[in-house]
Amino acid sequence: MKEETKKAPYRVPIGPNHPALKEPVMFTFEVEGEVVRDVDFAPGQTHRGIEWMGMRRNPVQIVHLTDRICGICGVVHSLSFSMAVEDVAGIEVPERADYIRTIVHELERIQSHLLWAGVAAHELGFDSLLHLTWRVREDAMDVIENLTGNRVNYGIVQVGGVRRDILPEQHPVIERCLDRYESLLGTLLSFFLDDATIRARCRDVGVLSRENAIGLCTVGPTARASGVNVDLRQDYPYAAYGDLDVRAVLPGQYLGKTHGDVYDRIVVRLLEIGQSCQIIRQCLSEMPAGPVTAEEKLPKLLATCKKAVGEGIGRVEAPRGECLHYVRMEGKDSPAAWKVKASSYSNLMSWIPMLRGAQVADIPIIVASIDPCLSCTDRVAIVRDGRREILTKDDLHRLSVEKTRRLQG
Amino acid sequence: MTPTDVAVLAASCTALSLFALAAGLLLSGIDRKLAARMQARVGPPVWQPFLDTLKLLQKESVVPAHAVPWLFNAAPVIALASSILVLFYVPVGSFPPVLGADGDLVLVMYLLTLPALALVAGGFASGSPYATVGAQREMVTMIAYEFPLAVVVIGVAWRLGAAGISHPFALQSIAQTPVWSVTGPLGALGALVLLLVLAAVTPAELSRIPCDTPEAETELAGGLLVEYSGRNLAMFSLSQAVKTLVFSAVAVAIFLPWNISSLLAVPPALAAAADLLFFLGKTFAVSFLAVTLVRVAMARFRINDLVRFYWVYLPVAAFLGLVLLMADVAAAHLLGVIP
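Residues numbered from 1 in each chain as written. Chains lettered and ligands numbered in written order. Predicted model: local features only at pLDDT ≥ 70, side-chain atom pairs only at ≥ 80, totals over all residues. Heavy atoms only, no water.

## Details of the overall build of chain A
At step 1: A count of helices and strands for chain A gives 19 helices and 10 strands.
At step 2: For chain A, the C-alpha radius of gyration of 22 Å lies close to 22 Å, the compact-globule estimate for 409 residues.
At step 3: Relative to its full complement of 409 residues, chain A shows a buried share of 56%.
At step 4: Sequence-distant contacts in chain A: of pairs separated by 6 or more residues, those separated by 24 or more amount to 69%.
At step 5: Entry remark: accessible area of chain A is about 17,500 Å², with carbon and sulfur atoms responsible for 52%.
At step 6: Charged side chains in chain A number 51 positive and 55 negative. The centres of these two groups are separated by 5 Å. (Helix = DSSP H or I, 4+ residues; strand = E, 2+ residues; numbered from the N terminus. Rg over C-alpha atoms; globule rule 2.2 N^0.38 Å. Buried < 20%, exposed > 50% of the residue type's maximum accessible area, 1.4 Å probe, protein only. Contact = heavy atoms within 4.5 Å. Areas by Shrake-Rupley, 256 points an atom, 1.4 Å probe, with all protein chains shown as cover. Lys, Arg positive; Asp, Glu negative; His and termini not counted. Charge placed at Lys NZ, Arg CZ, Asp CG, Glu CD.)

Have a look at this one:
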């Protein structure tokens, strides 16, 4: 007995605030020596009630609220929400607007992946690489500022189109940035993939098998790094992606073999930077002329939205994976329902199989490897009498049954 | 000892302690500045560590509720005192070691482990899970790097002994007879290997990247030091700065002990000052190559990778150096240089 109590795993809490976590989430690790035996986590620490705010505003106002769901995905949420509203109201987006949306969307992917790469390097204790990646990230930020007027919270997407056109004199600015990234990509790949210490820390660390990736409904680079061929841009094209050739980036294409580890997630994200450059180039050369918004006059746009009845969804391949917005309109100014499902929501559960059996030293890089965005994810926090409550599957089922009975009268 | 001797000794020890603190902080300032420049940052001014220390000394020192207070408070004092103490046994420039007659390289090696042991004790005494994991890692790191370090020290001293030096472990005699001056080409190669091994041990001894696992900011939130604040933290950071200086000074004494005053036509009054500056230059260069350059070019080791590196690869290299030194002596015997 004495032996057992001595050897019993001890608990290490990590979070809600910890240097390894860029956003608040609460982890509880069962640790034995340096090995993680089991792990549980509790999100919901950064719930801000954005949906609640949105349901008291009209769609044109909500678009700017969606910009603020996430600090990095400035275009993902607004695009996804606009697509949902356009779906309900039957608004046809002009082709040129679709191309501009695509260009900004891909520039955002470049800066997001570079930001992630820097964070990953920092988690590994490789600060030189963090500073270098974040320095080259500035190029993308500058171009985004040039196109939209903002570095974050771009405010470029509007229901029915975009708020700014890309002028001919802005093309060389974008192209210069793309040239720089395309020439840098080889260097970045060799910095991250050929470095012995990074390889030792990332290869076969945080492995997510293909079966688990599918079973846990992971999305985006996390799923692709495990060899799951999913990418909304290829599977369910939106905006201008139907006209472009986009194929999901899989680690097997580059390395010949899929491990599903942190290393593969680095590979996928870095290669997607190159892919985004190609997509933007193609957009720039094929962009048709025409208006950039279906309805320039906001009162008229609002009237169209107000008349709309029904439900719609918008799905977008965010840098982290699929982002989904659901909107139901019932002929009022503000939507009757608005639900945001960010990509990290689908990816968080994959932490559990990745972290089990990992070393304490690997926790930060594994947690970072799915590029979690918790302020995007946190939609609900239940606090009753000053205590936090967790709803289980049974509770949710009971609540749904009760609600259905209520609706039936 | 006459009272005058005691007074002189006390005065020189005080002077040396102040020198150690100032030079250590300056060294860490230079390290931060150079690392920043290599990372494309501006970096803090060179005197930033002085300001940091001053600020920390004015701040409250919090003792956590779960801590063992006397051990928690004693650890930083022991760490700082033992770091400074090492310098009393190491030649500084052309000054012989202050306490050189009473201790040798073996004592220095034991003293060098003291700050790390104090850190471990302080970590365990903090009563925080992060500090406990950090303390365990620090112990494992110590066990890992001590062996290659011992091989280096013994190898050099043995070669000096084989060359007929009377007190081969005394740092003064090591410094007076550079190992390169007694070896042939084979031995020089062996000594070079040992020098590289010593350089590889340096980051682990000083807990810097890639061997900063015990503190690992992103993993353990500062690990060993997580509960320390104010005066106690200032003493630990001072001890870290002094230890960096001292370890480089030991490396300089073993492998690069030359003085500059005999080579340059310096007036005798300035000879000591010139030697001191040259000594500082050497220690800063050693610490730049073994600490700063390494820490900007690598990611952090996992503790098991660290142990493999220091138990498998480095001892193999160290033994290779040792074998080369032995071959050198054998060759000298065969050629009849040594009767």
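## Section: the sheet that holds strand S3 (residues 35-42) of chain A
Residue and element names in this part refer to chain A.
At step 1: Read from one edge of the open sheet, three strands run S1-S2-S3, paired in antiparallel fashion. The open sheet is flanked by strand S1 (10-14) and S3, the only strands paired with a single partner. Strand-to-strand twist of the sheet, defined as the mean angle between neighbouring strand axes without regard to direction, takes the value 25°. (Pairing = 2+ DSSP bridges. Axes fitted to C-alpha atoms, helices over the stretch in contact; angles between N-to-C directions.)

## As for the nonpolar core
At step 1: One finds Phe27(A), Phe29(A), Ile103(A), Ile110(A), Phe192(A), Trp351(A) and Leu355(A) to be the most contacted residues of the largest nonpolar core, which totals 122 residues.
At step 2: Sort the elements by how many residues they give to this core and helix H5 (residues 95-123) of chain A lands first, with 13 residues.
At step 3: With residues up to four places along the chain from it excluded, the contact list for Ile110(A) reads Ala140(A), Tyr181(A), Ile273(A), Ser276(A), Cys277(A) and Ile280(A).
At step 4: Ranked by size, the runner-up nonpolar core spans 73 residues in total, among them Val92(B), Met109(B), Ala116(B) and Leu306(B). (Core = buried A, V, L, I, M, F, W, Y, C linked by side-chain atoms within 4.5 Å.)

## Overview of the pattern of salt bridges
Pairing is possible between side chains of opposite charge, provided their charged atoms come close.
Residues and elements named next belong to chain A.
At step 1: For the structure on display, the rule yields 31 salt bridges over all chains.
At step 2: One salt bridge in this structure joins Arg 224 and Glu 317, with 2.9 Å as the shortest N-O distance. Residue Arg 224 is located in helix H10 (residues 220-225), and its partner Glu 317 is located in strand S6 (residues 309-318); the two are separated by 93 residues in the primary sequence.
At step 3: Residue classification places Arg 224 among the buried positions, given a relative accessible area of 0%.
At step 4: Residue classification places Glu 317 among the buried positions, given a relative accessible area of 2%.
At step 5: A single network of salt bridges, built from pairs that share partners, joins Glu 106, Arg 109, Arg 224, Asp 231, Arg 233, Glu 272 and Glu 317. (Salt bridge = Lys/Arg side-chain N within 4 Å of Asp/Glu carboxyl O.)

## Focus: helix H6 (residues 127-148) of chain A
The periodicity of an α-helix, 3.6 residues per turn, causes residues three or four positions apart to be oriented the same way.
At step 1: Between its terminal C-alpha atoms H6(A) stretches 31 Å, which fits the 32 Å expected from 22 residues at 1.5 Å a residue.
At step 2: Gly149(A) sits one or two residues past H6(A) and shows a positive phi near 90°. (Expected span 1.5 Å × (residues − 1).)

## Re the interface of chain B and chain A
At step 1: Between chain B and chain A, the residue contacts involve 24 residues of the former and 29 residues of the latter.
At step 2: Interface area for chain B against chain A, summed over the two sides, is near 2,300 Å², with a carbon-plus-sulfur share of 54%.
At step 3: Taken together, the links from chain B to chain A amount to zero salt bridges.
At step 4: The interface formed by chain B and chain A holds six residue pairs in polar contact (both at pLDDT 80 or more) in total.
At step 5: At the level of secondary structure, the elements contributing two or more residues to the side of chain B that touches chain A comprise helix H5 (129-162), helix H9 (217-220), helix H11 (268-297) and helix H12 (303-335) of chain B.
At step 6: With five residues, the single largest contributor to the side of chain B that touches chain A is H5(B).
At step 7: Tallied by class, the residues present in the side of chain B that touches chain A amount to 13 nonpolar, four polar and seven charged. (Buried area = accessible area lost by both parts, 1.4 Å probe. Polar contact = N/O pair within 3.5 Å; in protein donor to acceptor, adjacent residues only side chain to side chain. Nonpolar A, V, L, I, M, F, W, Y, C, P; charged D, E, K, R; others polar.)

## Re empty space enclosed by the protein
Left-over empty space is what a probe sized like a water molecule reveals as it rolls over the atoms.
Residues and elements named next belong to chain A.
At step 1: Using the criterion set out here, one finds four cavities of 30 Å³ or more in the structure.
At step 2: Taken as a whole, the second largest cavity encloses approximately 40 Å³ of empty space.
At step 3: For the second largest cavity, the full set of lining residues is Cys 73, Val 76, His 77, Ala 318, Arg 320, Cys 323, Ala 342, Ser 343, Ser 344, Cys 373 and Cys 376.
At step 4: Among the residues forming the lining of the second largest cavity, the class breakdown is seven nonpolar, three polar and one charged. (1 Å grid on protein atoms, 1.4 Å probe; cavity = no way out; pocket = protein on both sides within 12 Å on 5 of 7 lines; lining within 4 Å. Points joined across faces, edges and corners; volume = space filled by probe spheres on them.)

## Notes on the state of the cysteines
Residue and element names in this part refer to chain A.
At step 1: On inspection of all chains with the given rule, the structure shows zero disulfides over all chains.
At step 2: We note that Cys 70 lacks a disulfide partner, and the nearest cysteine sulfur, in Cys 373, lies 3.3 Å from it.
At step 3: Since its relative accessible area comes to 2%, Cys 70 is described here as buried. (Disulfide = S-S within 2.5 Å.)

## Some remarks on the confidence of the model for chain B
Residues and elements named next belong to chain B.
At step 1: In this model, chain B carries an average pLDDT of 82, and 95% of its residues clear a pLDDT of 70 or more.
At step 2: Across chain B, the element-wise mean pLDDT spans from 66 in H9 up to 91 in helix H2 (residues 48-58).
At step 3: In the predicted assembly, ipTM is 0.73 and pTM is 0.82. (pLDDT = per-residue confidence, 0-100.)

## Some words on the side chain of Thr197(A)
At step 1: One can find Thr197(A) in helix H8 (residues 196-202).
At step 2: Excluding residues within four positions of it along the chain, Thr197(A) makes contact with Phe126(A), Met298(B), Ala299(B) and Phe301(B).

## What about the pairing of strand S7 (residues 321-330) of chain A?
Within a regular strand, side chains alternate between the sheet's two faces.
Residue and element names in this part refer to chain A.
At step 1: Within S7, seven of the 10 residues are buried, which leaves it mostly tucked inside the rest of the structure.
At step 2: Summarising the sheet, S6 and S7 pair through 10 bridges and their orientation is antiparallel. In the strand pairing of S7, Val 316 is matched with Cys 323.
At step 3: Taking the residues between adjacent antiparallel strands as the criterion, S6 and S7 are bridged by two residues.
At step 4: Pairing of S7 with strand S8 (residues 337-341) involves five bridges; the strand directions are antiparallel. By the bridge assignment, His 325 is partnered in S8 with Val 340.

## Points about H2(B)
Residue and element names in this part refer to chain B.
At step 1: Every buried residue of H2 is listed here: Gln 48, Pro 49, Thr 53 and Leu 56. The arc that holds every buried residue of H2, seen down its axis, measures 135°, which confines them to one face.
At step 2: Packed against the buried residues of H2 are helix H1 (3-38) and helix H10 (230-255). (Arc of directions from axis to C-beta.)

## Quick look at the side chain of Asp31(B)
At step 1: Along the chain, Asp31(B) falls in helix H1.
At step 2: If we ignore the near neighbours within four places in the chain, the residues touching Asp31(B) are Arg208(B), Val291(B), Thr292(B) and Arg295(B).

## Points about the packing of helix H3 (residues 69-87) of chain B against H10(B)
Residue and element names in this part refer to chain B.
At step 1: One can describe the packing of H3 onto H10 by two numbers: an axis separation of 8 Å at closest approach and a directional angle of 25°. In terms of their interaxial angle, H3 and H10 are classed as roughly parallel. As H3 packs across H10, the resulting crossing turns out to be left-handed. Contacts from Phe 72, Asn 73, Ala 75, Pro 76, Val 77, Ala 79, Leu 80, Ser 83, Ile 84, Val 86 and Leu 87 of H3 reach H10 at Asn 232, Met 235, Phe 236, Leu 238, Ser 239, Val 242, Lys 243, Leu 245, Val 246, Ala 249 and Val 250. (Parallel < 35°, antiparallel > 145°, perpendicular 65-115°, else oblique. Left-handed = near helix turned anticlockwise from the far one by under 90°.)

## So, unusual backbone geometry
Residue and element names in this part refer to chain A.
At step 1: Positive phi values are uncommon outside glycine, yet Asn 153 reaches one of about 50°.
At step 2: Along the chain, Asn 153 turns up in the loop between H6 and strand S4 (157-158).
At step 3: Although it is not a glycine, Asp 204 adopts a positive phi angle of roughly 60°.
At step 4: Position of Asp 204 relative to the elements: it lies in the loop between H8 and helix H9 (210-215).

## Quick word on the sheet that holds S8(A)
Residue and element names in this part refer to chain A.
At step 1: The strand order across the open sheet formed by three strands is S6-S7-S8, and the pairing between neighbours is antiparallel. Both edges of this open sheet fall to S6 and S8, since each of them pairs with a single strand only. Taken over all neighbouring pairs, the strand axes of this sheet differ in orientation by 10° on average, direction set aside.
At step 2: Across the sheet, helix H4 (residues 76-89) touches S6, S7 and S8, and the angle it forms with S6 is around 150°.

## Considering a nonpolar patch on the surface
Residue and element names in this part refer to chain B.
At step 1: A cluster of nonpolar side chains, Ile 143, Phe 147, Trp 311, Val 312, Tyr 313 and Phe 319, forms an exposed patch at the surface whose accessible area comes to about 630 Å².
At step 2: Elements represented by at least two residues in the nonpolar patch include exactly H5 and H12.
At step 3: Turning to its location among the elements, Ile 143 is positioned in helix H5. (Patch = residues over 30% accessible without salt bridge, like charges linked within 9 Å, V, L, I, M, F, W, Y side chains within 5 Å.)

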